[in-house]
Amino acid sequence: MNTLRTAALAVLGASVLLAADPGPQPVPLRSANPSSTYGDFTAAKAIDGVISDTSRWTSAQSRAPAWLEIQLAETTALLGLHVHTGLNPATAVRGFTVQFWRDGQWIDIPSATVADNQATALALAFDDTVAVRTDRLRLWITATPDGYARIKEVVVWPAALRSLPPLATPTEAHGTAAFVEKIPLIYLNQSGFNLGAPKRFTAPTLPDRTPFAVRPAGGGATLFSGQVTGHIGDFSAFDPADDRREFVVVAGPHTSVPFRIGHWWLERVTYQNAVNFMIDSRHYVGNHRPVCRGSFGWRDDHHFGWELHTLVPQFLSNPSAYTRMPRQITYEAPSDPKLWGRLELYRADIPDLVKLIHWGADVLVTQQVRHEHLKAQLAYFLYAWPWLKAYLPAQNYTVVRDHTFAIWSDATKDRDYPYDESPEHDLLALKTKVGTTKGAYPPGFSVEPNLLLYEVARREGRPDAEKYFAAAHRQAEWMIAQLDWNDPLTTKGQRMSEWITVTGLAHFLRAYPDRAPAGLAAKLAAWAEVAVRRSANLWDFRKLDDGAGWTPMGDKPTMWNEPGNVVGLPAALLAVRPFVTAAATRQRLTELVHSHFDAMFGRNPTGRHFSYDAPREIEGVEHGWYSFYKGGIGQLEKARFVIDGGPKNQHFPYHPEVGNVGWSEGWVTFNTAFNLSLAYLAYAETSLTLRRDGDEIIIRLTAPLNFDATQVESAAVTLHRPSGETEVVTVTEDSPDARTFSARVKLPRAAAAQVTYGFGYLAHRASLPPAATSP
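With that settled, consider the packing of helix α4 (residues 352–366) against helix α7 (residues 394–407). At their nearest, the axes of α4 and α7 sit 11 Å apart, and the two run at 50° to each other. Overall, the two elements α4 and α7 adopt an arrangement that is oblique. Along this stretch, α4 crosses α7, giving a crossing that reads as left-handed. Along its contact with α4, which presents His358, Ala361, Leu364 and Val365, the element α7 presents Asn396, Val399, Val400 and His403. Its residues assigned to classes, the contact of α4 with α7 shows 5 nonpolar, 3 polar and no charged.

Structure (structure tokens):
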């Protein structure tokens, strides 16, 4: 399939009569007025309903911007437009902004700004950053390959449609249909599965008791067999020894896409990708450099990108996986010292994940932001300092510490924040509001940051440390008493930010079991019961409610794209699982963790991975998301590993025929939700043992670190000696494709020992007392 990241279809040498389409009707257009005209390629030909090389507007050749003004028949609320440009990709208009006329001036539409374009047909949807209601539009063209602006056709669509129709497709001499991917009707994780983890598929067209078989993709005997029940097949017990082989599921007349099964397969194909996205999507220094509206450290993050909330747990949970990654980031000094640079520069050789953490903190303290969500991020930096200080200058900690403690309880707002739902910004105050489905104000967002700052304050010897714990305790008590998990707005209705509510409460109970509010364990168990109940369906997919609602819906075309909730849910499930006492419920939570990762990878009614670029970027994925969003505030079309879209309510329970409906647009908050799920999955999958063998101790680490089945890899654990000294010990993979990493260390039999892997609240520990001596 075509792996170029473009939503456009090149229309070459063929005419398409738009008026012949009996489907959705575009907005009637009255006239077009150009900046200039070349030959007889007049502006009227850009709105005549014909897409062809001969029916186009072409400007006179010039280095100055060209423009095409379009007069609508009447004032109309608009959804977006299709723009067909150029004769071929080499002559497509490279850069332009769509503007609309309001209050006597032209206003840019942020989501309809195009740069570095080579597509000949573009679908540009208007997001809700600005309401476009007008009787005039203008294409302000700033970049062409040769000085000529060539516009074959502009088609304007009304807001009443809710989603943009597909781009027009060519009709040639013999007639050609639009390209349609043939997606097998056995829906599963297209890339592969982790050994020892649940492995399930959905076969929505097959009846109960249909036999299925797992076979080598290249042909061969059945390796595992079972029956479909409730449209689900389960082959969790199939754990082959060789992860270099591809397999398929065969059931009835259908054969799945090929997949693999291996140690930590999900982590192998996503860890580097997750970091790549955070590198590319940085504001100012990522792969799109202009200033983006409402953005701070990352493009389009606003005040609820949750970057340090998730980057820090990634580092705490599985540090060796990130410290051994290749270095991509080179520090760039700011052109404007008001944007970043207050934190001193780090060494060039430190891990990219640590550089990203430094970047996030640097932008926040340099720009002196005071929104409660943004200053909350700094608590994660401060909490992790004992493990970051090996990489970063001590000045970094001092600056962030002094800034954070000074403004933590400041209730005032320092600037206007788009989508802001905060009544005030005092992080010690009780928060009794439940935010909207935008995800900008999830219940309990202050719990974990206050717990972390409590630990920092204790470490600093501050006499007021207890006030941070008290604020978290008071907030958790309110949540236990007031939140009703049966109300969808308290759970999936928070979209990509739901994990904040659940992981914060679970952190409290795990870290302070003797000081946690009464009823907290029961509250978390109740959340799990609702999640399990709403996941009893053919997709093992947690629904919005107990009725017909699968995903959130709203009254605007942009409401809602919610892949972030799907990919963030595993973090919440894993955080809650230790506090669930019923074994069957714990097992079901484990299934749901993996079913939601699988949903991202194609086990959903569309059969598509949530990323448009997945076939190019992720090993084993054949079918990516329908489209990506070109332009917008985030300008993510060239970023790697963008989570673009997920199934909408219309797709469920099984309606693939509705196609690419609703809104699709990548967002940093979708990826940060996924990042946190990776962190909690690492914590759940890691274990550490310690035993004596004579005058040596044997350290054995099990963790998602085997990312190359052909190489013996290594990791680092910390040995804590009775004297208080610590020693970094290298553990080596027990074979080229093993789950475990081991080391031997000399230790007197009379000495106790402790070994740790990971840091802080996501660390694992193993201890040995002194060996018994003979009397």
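This paragraph deals with the nonpolar core. In this structure, Phe381, Phe508, Trp527, Ile699 and Leu701 are the most contacted members of the largest nonpolar core, which totals 165 residues. Apart from residues no more than four positions distant in its own chain, phenylalanine 381 is found in contact with Leu308, Val312, Ile357, Ala361, Leu388, Leu392, Asn396, Tyr397 and Val400. Listed in part, the 33 residues of the second largest apolar core include Ala43, Leu72, Ala112 and Leu122.

Let us now look at the pattern of salt bridges. Applying the stated criterion to the full structure yields 40 salt bridges. Ionic pairing is found between aspartate 540 and arginine 200, a salt bridge with its closest N-O pair at 2.8 Å. With a gap of 340 residues between them, aspartate 540 in the loop between α11 (520–533) and α12 (563–576) and arginine 200 in strand β12 (residues 200–202) connect regions that are remote in the sequence. This pair shows no difference in class: aspartate 540 is buried, exactly as arginine 200 is. For lysine 413, the salt bridge is made with aspartate 416, and the minimal N-O distance between the two is 3.5 Å. Judged by relative accessible area, which is 44%, lysine 413 ranks as partly exposed. The class of aspartate 416 is exposed, set by a relative accessible area of 69%. Here the salt bridges do not stand alone but share partners, grouping Arg200, Asp234, Asp540, Arg588, Glu591 and Arg603 into one network.

Attention now goes to the packing of aromatic side chains. Throughout the structure, instances matching the rule amount to 46 aromatic pairs. Taking 5.7 Å as the distance between ring centres and 40° as the angle between the ring planes, the aromatic pair formed by phenylalanine 235 and phenylalanine 259 counts as tilted. You can see phenylalanine 235 sitting in the loop between β15 (232–234) and β16 (247–251) and its partner phenylalanine 259 sitting in the loop between β17 (254–255) and β18 (260–262), a full 24 residues away along the chain. Both residues of the pair, phenylalanine 235 and phenylalanine 259, count as buried. Members of the aromatic cluster, connected to one another through ring pairs, are Phe193, Phe201, Phe212, Phe224, Phe235, Phe238, Phe247 and Phe259. The ring of phenylalanine 707 has arginine 324 lying over it, and the distance from NZ or CZ to the ring centre is 5.4 Å.

A few words on the sheet that holds β17. Strand order in the open sheet formed by 4 strands is β14-β13-β16-β17, with antiparallel pairing between adjacent strands. Both edges of this open sheet fall to β14 (224–227) and β17, since each of them pairs with a single strand only. Relative to β14, strand β13 (residues 211–216) runs antiparallel, the two sharing 4 bridges. The residue bridging proline 211 from the neighbouring strand is glutamine 227, located in β14.

Here α11 is 14 residues long and its end C-alpha atoms lie 20 Å apart, about the 20 Å a rise of 1.5 Å per residue gives. Along α11, the residues classified as buried are Leu520, Lys523, Leu524, Ala525, Trp527, Ala528, Val530 and Ala531. Taken together, the buried residues of α11 touch α9 (466–482), α10 (498–511), α12 and α13 (583–600).

Attention now goes to the environment of leucine 678. Assignment of secondary structure puts leucine 678 in helix α15 (residues 668–685). Separated by 368 residues in sequence, leucine 678 and threonine 310 have C-alpha atoms that sit 9.4 Å apart. Aside from chain neighbours lying at most four places away, what touches leucine 678 is Thr270, Tyr271 and Ala274.

Looking now at the sheet that holds strand β22 (residues 726–733). Read from one edge of the open sheet, 7 strands run β19-β20-β23-β22-β21-β24-β25, paired in antiparallel fashion. Two strands bound the open sheet, and with one partner strand each, they are β19 (687–693) and β25 (764–768). On average, each strand axis in the sheet is inclined to that of its neighbour by 30°, with strand direction left out of account. In terms of strand pairing, strand β21 (residues 714–720) meets strand β24 (residues 753–757) through 3 bridges, oriented antiparallel. Note on β24: the bridge partner recorded for threonine 718 is threonine 756.

A separate point is the pairing of strand β10 (residues 150–158). Across the 9 residues of β10, 9 count as buried, placing the element largely inside the fold. Of the pairings in the sheet, the one linking strand β5 (residues 66–85) to β10 comprises 7 bridges and is antiparallel in character. By the bridge assignment, histidine 84 is partnered in β10 with glutamate 153.

Mapped onto the elements of the fold, alanine 203 is located in the loop between β12 and β13. Each C-alpha atom, one on alanine 203 and one on asparagine 33, is 54 Å from the other, the two residues being 170 residues apart in sequence. If near-sequence neighbours (up to four positions away) are discounted, alanine 203 is found in contact with Leu185 and His231.

To continue, consider helix α1 (residues 265–280). Helix length check: α1, at 16 residues, gives a terminal C-alpha distance of 24 Å against a target of 22 Å (1.5 Å per residue), a fit within 8%. Along its length, α1 reaches its greatest deviation from straightness, about 30°, at tyrosine 271. The element α1 is extensively covered by neighbouring structure, given that 15 of its 16 residues are classed as buried.

The subject of this paragraph is the packing of α10 against α11. Axis separation between α10 and α11 bottoms out at 10 Å; the angle between their running directions is 145°. The interaxial crossing formed by α10 with α11 has left-handed handedness. Residues Glu498, Val502, Leu505, Ala506, Phe508 and Leu509 of α10 form the contact with α11, whose participating residues are Leu520, Ala521, Leu524 and Trp527. Partitioned by chemical class, the residues of the contact of α10 with α11 number 9 nonpolar, no polar and 1 charged.

To continue, consider the side chain of arginine 542. Structurally, arginine 542 is set in the loop between α11 and α12. Look at arginine 542 and you get buried, because its relative accessible area is 3%. A distance of 2.5 Å separates polar atoms of two side chains, one belonging to arginine 542 and the other to glutamate 498. Excluding its chain neighbours within four sequence positions, the residues that come into contact with arginine 542 are Thr491, Lys492, Glu498, Trp527, Ala531, Arg534, Ser535, Trp550, Asn565, Leu569 and His596.

Right, let's talk about unusual backbone geometry for a bit. Residue tryptophan 560 is bonded to the preceding methionine 559 through a cis peptide linkage, with omega at -5°. With respect to the helices, strands and loops of the structure, tryptophan 560 is situated in the loop between α11 and α12. In this model, arginine 209 sits at a positive phi of 70°, which is unusual for a non-glycine residue. Structurally, the position occupied by arginine 209 is in the loop between β12 and β13.

Calculation criteria
Residues numbered from 1 in each chain as written. Predicted model: local features only at pLDDT ≥ 70, side-chain atom pairs only at ≥ 80, totals over all residues. Heavy atoms only, no water. Axes fitted to C-alpha atoms, helices over the stretch in contact; angles between N-to-C directions. Helix = DSSP H or I, 4+ residues; strand = E, 2+ residues; numbered from the N terminus. Parallel < 35°, antiparallel > 145°, perpendicular 65-115°, else oblique. Left-handed = near helix turned anticlockwise from the far one by under 90°. Contact = heavy atoms within 4.5 Å. Nonpolar A, V, L, I, M, F, W, Y, C, P; charged D, E, K, R; others polar. Core = buried A, V, L, I, M, F, W, Y, C linked by side-chain atoms within 4.5 Å. Buried < 20%, exposed > 50% of the residue type's maximum accessible area, 1.4 Å probe, protein only. Salt bridge = Lys/Arg side-chain N within 4 Å of Asp/Glu carboxyl O. Phe/Tyr/Trp six-rings, centres within 6.5 Å; stacked < 30°, edge-to-face > 60°. Lys NZ or Arg CZ within 6 Å of the ring centre and 35° of its normal. Pairing = 2+ DSSP bridges. Expected span 1.5 Å × (residues − 1). Bend = angle between axes of the 7 residues up to and from the residue. Polar contact = N/O pair within 3.5 Å; in protein donor to acceptor, adjacent residues only side chain to side chain.

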